[in-house]
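These are the residues of each chain, in order.
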Amino acid sequence: MSAPATYDAVIVGSGPNGLAAAVELARNGKRVAVLEGKSTIGGGARSAEITLPGFVHDLGSAIHPLGYASPFFRSLPLDEHGLEWVHPDVPLAHPLDGGEATVLERSLEATAAGLGPDAAAYRRLMGPGSADASSIAGFFVGKPSLIRHPLALAFSGIRALGDAEGVARSVFEGERARGLFAGNAAHSFLPLDQPPSALFGLLLGTLGHAFGWPFPRGGSQSLANALASYLESMGGEIFTGAPVSTVDDVPRARAVLFDVTPRQLHDIAGEHFTEGYNKALKRYRYGPGVFKVDFALDGPIPWQAEECLRAGTVHLGGTLEEISAGEAAVAGGEHPERPFILLAQQSLFDDTRAPEGKHTVWAYCHVPNGSTFDMTERIEAQIERFAPGFRERILARSISGPAELEGQNANLVGGDVAGGYMDLRQLLARPMLRPNPYSTPARGLYICSSSTPPGGSVHGLCGFLAARTVLRRLGKMRHDRTPR
Ligand SMILES: Cc1cc2nc3c(=O)[nH]c(=O)nc-3n(C[C@H](O)[C@H](O)[C@H](O)COP(=O)(O)OP(=O)(O)OC[C@H]3O[C@@H](n4cnc5c(N)ncnc54)[C@H](O)[C@@H]3O)c2cc1C
């Protein structure tokens, strides 16, 4: 007879999905431990002083529309464990050459009003989703019946399955609306002429109107810390500096959930899987990588368009054509001269991030997976284009290409921060086509990372849904209520 299991479940990896899985299991009365390979918890949601003392930078995620909207996170008492969301005045600014900027306001109407001839088209495209956004969030945790306006949503839904370039050109006529949509769509890491890049343009715009694009005060680490604190308050245990190389490194447990991507899962547990499952893990495709620069500045970015100072996030890439060309170049293995940049300036709205009067900036662009090309100069030139004098404000910078990112977190394979390519096929069959994507052929072994549905970003839903699978299999759920 074998010895009794020490834990009901052990989770390997303390990213937002690993912690979410642990929390869901613990609040259903399960005895849970988390093993984190690095010395700090949080995975893609960590923050640290990586430039100068007193400047707190996000090592991974910065802005959290999906984290804030997540029906799972909303069902947890994270505010009692130190989480405070900060809402910038507006979610997003998108500067154009000539000193102007398009602004994604919280209000759909106010945003539409800034889009000139495209105001009505913008309202038609974004309106239904914005009105039904919390229901859409519920949809991702398996509650399609929550959708209140299915017909109105179908209009946007069909568009979402298309490519961003096609939707932007057919729906809008002006540069402002097209550029705004393209910038949001570029979060997909897909070339903008490939479906379903339009989905990301719709989703991020919609979330901006319905929820905003907030971030945790003190950095994304505060979200990870709040999850960990809640977990520990329920008796869950967390061990850092505990890398797992084989299943033998894991203490005895009835279930092991891996917050890792398919390539790592294959290396760690491949000997327990069928040949077919291992082949599918190896076939899993990773997306482009990220090249990231964090800046410590001696003042705010001197934006030409003052509206940019109202926004937590700024998209740099100008027109639909330019953004599209940049993303196409990356998909083709090249490094665009003028890359599309995602930039966050949290310290404008959160005084815990930098010494008084000083500021932090988080900026990255996409590069081919595994790229070793230094994009620092091109990123700075792109910021300087919309904010002349930016360079003079730089006190220090910290540079992370794909190799450095993967060194910080093994899940960032080749610099891919989304846990794998997010084209239609791999969004639907993630990590592969299986009746339950969180299970594996090995009894008791599961995958719970962003390489499972609904995919990348900090929302904890992959971990939550994996935990529900485990709870069903372990039986007897105490907290038997799907959050909404
Ligand atoms: C630069 C960057 C910018 C981003 N920007 C945003 C953003 O603004 N908004 C947003 O919502 N999302 C953003 N993301 C994406 C987001 O961070 C991820 O989608 C999210 O963190 C995925 O969570 P996860 O739990 O699946 O995996 P991860 O967060 O990657 O966590 C995996 C954890 O597992 C640990 N681990 C891996 N292998 C082992 C092992 N063998 N043994 C033990 N531990 C192991 C890792 O150390 C890590 O802690 C960004 C990511 C990066 C890197």
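Just above, that's the structure.
Please read these numbers as outputs of a predicted model, since none were measured by experiment.

A. Examining the sheet that holds strand β16 (residues 445-447) more closely. Pairing in this open sheet of five strands is parallel, and the strands run β9-β2-β1-β10-β16 from one edge to the other. The sheet is open, and its two edges are formed by β9 (237-239) and β16, each paired on a single side. With strand direction ignored, the average angle separating the axes of adjacent strands in the sheet is 20°. The sheet contact formed by strand β1 (residues 7-12) and strand β10 (residues 253-258) spans five bridges and is parallel. Counted as the bridge partner of Tyr7 is Ala253 from β10.

B. Local environment of empty space enclosed by the protein. For the coordinates displayed, the defined rule picks out three cavities of 30 Å³ or more. Put simply, the largest cavity is a space of about 50 Å³. Lining the largest cavity, in full, are Leu104, Tyr122, Met126, Phe172, Ala177, Leu180, Phe181, Asn184, Gly201 and Gly205. Among the elements that take part in the lining of the largest cavity, helix α9 (residues 175-185) stands out by supplying four residues, more than any other. Its residues assigned to classes, the lining of the largest cavity comprises seven nonpolar, three polar and no charged.

C. Structural context of the sheet that holds strand β6 (residues 90-96). The sheet built from seven strands is open, its strands ordered β7-β6-β12-β13-β14-β11-β15 with mixed pairing. Every other strand in the sheet has two partners, leaving β7 (100-104) and β15 (394-400) as the edge strands with one partner each. Pairwise comparison of adjacent strand axes, ignoring direction, gives a mean angle of 20° for this sheet. One ladder, built from three bridges, connects β6 with strand β12 (residues 311-316); its direction is parallel. Across the sheet, Ala93 pairs through a bridge with Val314, a residue of β12. Here α9 sits on the sheet and contacts β6, β7 and β12; the angle it forms with β6, its principal contact strand, is near 120°.

D. Main features of the packing of aromatic side chains. Scanning all chains against the criterion turns up 10 aromatic pairs. Taking 5.1 Å as the distance between ring centres and 85° as the angle between the ring planes, the aromatic pair formed by Phe295 and Phe390 counts as edge-to-face. One end of the pair, Phe295, is in strand β11 (residues 289-297); the other, Phe390, is in the loop between α15 (376-386) and β15, and 95 residues separate them in sequence. Like Phe295, the residue Phe390 is buried in the burial classification. Between the aromatic rings of Trp362 and Tyr364, the centroid separation amounts to 5.2 Å while the plane-to-plane angle is 70°, which identifies the pairing as edge-to-face. The pair formed by Trp362 and Tyr364 is uniform in burial state, with each residue classed as buried. Residue placement shows Arg74 over the ring face of Tyr68; its charged tip is 4.7 Å from the ring centre.

Rules used throughout
Residues numbered from 1 in each chain as written. Predicted model: local features only at pLDDT ≥ 70, side-chain atom pairs only at ≥ 80, totals over all residues. Heavy atoms only, no water. Pairing = 2+ DSSP bridges. Helix = DSSP H or I, 4+ residues; strand = E, 2+ residues; numbered from the N terminus. Axes fitted to C-alpha atoms, helices over the stretch in contact; angles between N-to-C directions. 1 Å grid on protein atoms, 1.4 Å probe; cavity = no way out; pocket = protein on both sides within 12 Å on 5 of 7 lines; lining within 4 Å. Points joined across faces, edges and corners; volume = space filled by probe spheres on them. Nonpolar A, V, L, I, M, F, W, Y, C, P; charged D, E, K, R; others polar. Contact = heavy atoms within 4.5 Å. Phe/Tyr/Trp six-rings, centres within 6.5 Å; stacked < 30°, edge-to-face > 60°. Buried < 20%, exposed > 50% of the residue type's maximum accessible area, 1.4 Å probe, protein only. Lys NZ or Arg CZ within 6 Å of the ring centre and 35° of its normal.

Worth remembering: the numbers are spatial, not functional.
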